[in-house]
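Chain residues, written in single-letter form:
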Amino acid sequence: MKKEIKIAPSILASNFSSLGEEITNISKAGADYIHFDIMDGHFVPNLTFGPNTVKYLRKYSKKTFDVHLMIEPVDKFLIPFIKAGADIISFHPETVKNVDKTIKVIKSYKKKVGLVLNPNIKENKIFPYLNKIDLILVMTVYPGFGGQKFMKSQIKKIEKIHEKIKKEKLNIDIEVDGGINISNAKKVLQAGANILVAGTACFKGGKKFYKKNIYSLRKSK
Ligand code: DX5
Ligand code: ZN
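Think of each chain on its own: its residues are numbered from 1, step by step along the sequence as written. Lettering for chains starts from A, numbering for ligands starts from 1, and both go in the order in which the items are written. This being a predicted model, a pLDDT of at least 70 is required before a residue's local features are given, and a value of 80 or more before pairs of side-chain atoms are given or counted; all residues contribute to the totals for chains, interfaces and linings. Only hydrogens and water are set aside; all other atoms, that is, all heavy atoms of the structure, feed into the side-chain values.

This part takes up the overall build of the protein chain. Regarding its fold elements, the protein chain presents eight helices and eight strands. Relative to the compact-globule value of 17 Å for 221 residues, the protein chain shows a C-alpha radius of gyration of 16 Å, a close match. Each principal axis of the C-alpha atoms in the protein chain carries an extent, and together these give about 45 × 35 × 30 Å. Contacts: residue pairs with any heavy atoms within 4.5 Å of one another. When contacts within the protein chain are restricted to residue pairs at least 6 apart in sequence, those whose partners lie at least 24 apart make up 64%. Here the protein chain displays about 10,700 Å² of accessible surface, and carbon together with sulfur accounts for 53% of that area. Secondary structure is summarised from DSSP: a helix means a run of H or I of at least four residues, a strand means a run of E of at least two, and numbering begins at the N terminus for each. In this setup the radius of gyration rests on C-alpha atoms only. A globule is expected at 2.2 Å times the number of residues raised to 0.38. Each accessible area value is a Shrake-Rupley result obtained with a 1.4 Å probe; residue values ignore everything except the protein chains displayed when judging cover.

Next up, the structure:
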């Protein structure tokens with residue numbers, strides 16, 4: 001199934017002193033999704049924000065709120081993030097006791113669900129869940145910080161996942177996250193990804209450049 005390319009700016013790279021304004025500006029500049037990196041200082045070595053922040057930011061944009069949970073445990077925070085306005089919730093399978101159960105909770109609120117693969121985790125780890133999920137998020141850095149270097153070793157994984165979902169005729173998005181910029185976007189899109197998360201590459205240069213930054217990523221295929 002041919003999919004439209006979507007750009008998901010990660011607000012981790014925005015100016016935290018005016019998050020609302022940043023979200024409005026990046027939305028107006030053509031973002032498809034707003035990517036929220038939720039970090040707990042435990043599953044990943046950094047801290048960001050929780051559901052309350054997402055809730056306050058909801059009124060600054062009508063775009064899809066794409067919530068990437070890098071927290072452990074996950075389950076007790078699902079409903080707070082859903083109530084805060086998340087449209088997509090992605091989690092790392094190793095952070096939950098029962099992947100099926102967590103998927104079910106998210107689905108029961110009619111939200112989209114994604115499974116995230118860290119660079120050291122093989123694609124077949126999530127294959128048992130393919131007919132239950134909407135999205136696969138392939139990490140091209142070890143999560144925790146923005147501005148890291150893209151790991152090209154992950155391209156093969158994107159290709160394998162793409163092959164698999166094509167073969168099984170599944171309607172699943174492939175999103176990539178970590179070090180994405182105009183020099184590597186083409187490679188990941190050609191490998192089969194259709195959603196690009198980008199923090200540094202979207203927010204660089206300040207608000208005058210947001211439109212151009214997003215446009216260049218979108219046109220890189
Ligand atoms: C990494 C996060 C990413 C990150 C992307 O832990 O999941 O979403 O913020 O930022 P850049 O594009 O700067 O690598
Ligand atoms: Zn992320």
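That was the structure; now back to the text.
Note on helix geometry: an α-helix contains 3.6 residues per turn, so any two residues three or four positions apart are oriented the same way. Each residue is assigned to one of three classes by its accessible area relative to the maximum for its type, calculated with a 1.4 Å probe on protein chains only: buried under 20%, partly exposed between the two thresholds, exposed over 50%. Regarding helix H3 (residues 75-84), the residues found buried are Leu78, Phe81, Ile82 and Ala84. Projected down its long axis, H3 carries its buried residues within an arc of 155°, all on one side. In H3, the exposed positions angled more than 90 degrees off the buried face are occupied by Lys76 and Lys83. Summarising the contacts, the buried residues of H3 are in contact with strand E2 (33-39), helix H2 (51-57), strand E3 (64-70), strand E4 (88-91) and helix H4 (99-108). Positive backbone phi, at 115°, marks Gly85, one or two positions downstream of H3. Think of it as the arc spanned by the lines of direction from the helix axis to the C-beta atoms.

Now for the pattern of salt bridges. Here a salt bridge means any side-chain nitrogen of Lys or Arg lying within 4 Å of a carboxyl oxygen belonging to Asp or Glu. The final tally for this structure, using the stated rule, is eight salt bridges. Here Glu123 ties to Lys160 by a salt bridge, and the two come within 3.6 Å at their closest N and O atoms. One end of the pair, Glu123, is in the loop between strand E5 (112-117) and strand E6 (135-139); the other, Lys160, is in helix H5 (residues 155-167), and 37 residues separate them in sequence. Accessibility expressed as a relative area gives 44% for Lys160, which makes it partly exposed.

So, about H4. Those residues of H4 that fall on the buried side of the exposure criterion are Val99, Thr102, Ile103 and Ile106. The buried residues of H4 all sit within an arc of 100° when viewed along its axis, so they share a single face. Pointing more than 90 degrees away from the buried face of H4 are the exposed residues Lys101, Lys104 and Ser108. Tucked inside the fold, the buried residues of H4 contact H3, E4 and E5. Counted as a polar contact is a pair of N or O atoms within 3.5 Å, where, for protein atoms, one must be capable of donating a hydrogen and the other of accepting one, and residues adjacent in sequence contribute only when both atoms are in side chains. The residue sitting at the N-terminus of H4 and contributing the capping side-chain oxygen is Asn98; that oxygen lies 3.1 Å from the backbone nitrogen of Asp100. Downstream of H4 by one or two residues, Lys110 has phi in the positive range, about 60°.

Taken together, 20 residues lie around ligand 1, and Asp37, Gly144, Asp177, Gly199 and Thr200 are the ones closest in. Separating an oxygen atom of ligand 1 from a side-chain N or O atom of His35 is a distance of 3.5 Å. At a separation of 2.8 Å, an oxygen atom of ligand 1 approaches a polar backbone atom of Gly179. Contact with the protein chains hides 99% of the accessible area of ligand 1, taken as 380 Å² for the molecule alone. In this analysis a 1.4 Å probe is tested at points of a 1 Å grid over the protein atoms alone, and where it fits but cannot get out there is a cavity; an open set with protein on both sides within 12 Å along at least five of seven lines is a pocket; lining residues have an atom within 4 Å of a point. Cavity and pocket membership follows a simple rule, namely that a molecule belongs there if more than half of its atoms are within 2 Å of the grid points. The site holding ligand 1 turns out to be the second largest pocket. A single heavy atom is enough: if one lies within 4 Å of a molecule or strand, its residue is considered near that molecule or strand.

Right, let's get into the packing of H3 against H4. Each packed pair of helices is defined by two parameters, the angle between the axes and the distance between the axes. Contact pair H3 / H4: the axes reach a minimum separation of 10 Å and the direction vectors enclose 15°. Classed by the angle they form, the pair H3 and H4 counts as roughly parallel. Of the two possible hands of crossing, H3 and H4 adopt the one that is right-handed. Between H3, through Asp75, Leu78 and Ile82, and H4, the contact on the second element is made entirely by Thr102, Val105 and Ile106. Axis geometry follows a simple rule: fit a line to the C-alpha atoms, using only the stretch in contact for helices, then measure angles between N-to-C directions, giving values from 0 to 180 degrees. An angle counts as roughly parallel when it lies under 35 degrees, as roughly antiparallel when it exceeds 145, as roughly perpendicular when it falls between 65 and 115, and as oblique in every other case. Crossing chirality is assigned from the near helix's rotation relative to the far helix, an anticlockwise turn below a right angle marking it left-handed and a clockwise turn marking it right-handed.

It is worth spelling out the packing of aromatic side chains at this point. Side-chain rings of Phe, Tyr and Trp, where Trp is taken by its six-membered ring, are said to pair if the distance between their centres is within 6.5 Å; with planes under 30 degrees apart they count as stacked, over 60 as edge-to-face, and otherwise as tilted. Taken as a whole, this structure holds four aromatic pairs when the rule is applied. For the pair Phe16 and Phe49, a centre-to-centre distance of 5.9 Å together with 50° between the ring planes defines the contact as tilted. Taken as a pair, Phe16 in the loop between strand E1 (6-9) and helix H1 (19-28) and Phe49 in the loop between E2 and H2 lie far apart in primary sequence, 33 residues in all. Classification of Phe49 as buried rests on a relative accessible area of 10%. Ring geometry for Phe203 and Tyr210: centres 5.2 Å apart, planes at 80°, overall edge-to-face. Through pairs of rings, three or more aromatic residues link up here, namely Phe16, Phe36, Phe49 and Phe65. Only Lys NZ and Arg CZ are tested; either one counts as a charge over a ring when it is within 6 Å of the ring centre and within 35 degrees of the ring normal. Its guanidinium or amino end placed over the ring of Phe65, Arg58 lies 3.6 Å from that ring's centre, counting from NZ or CZ. Positioned over the ring face of Phe127 is Lys164, at 4.9 Å from the centre of the ring.

Geometric values such as these leave the question of function open.
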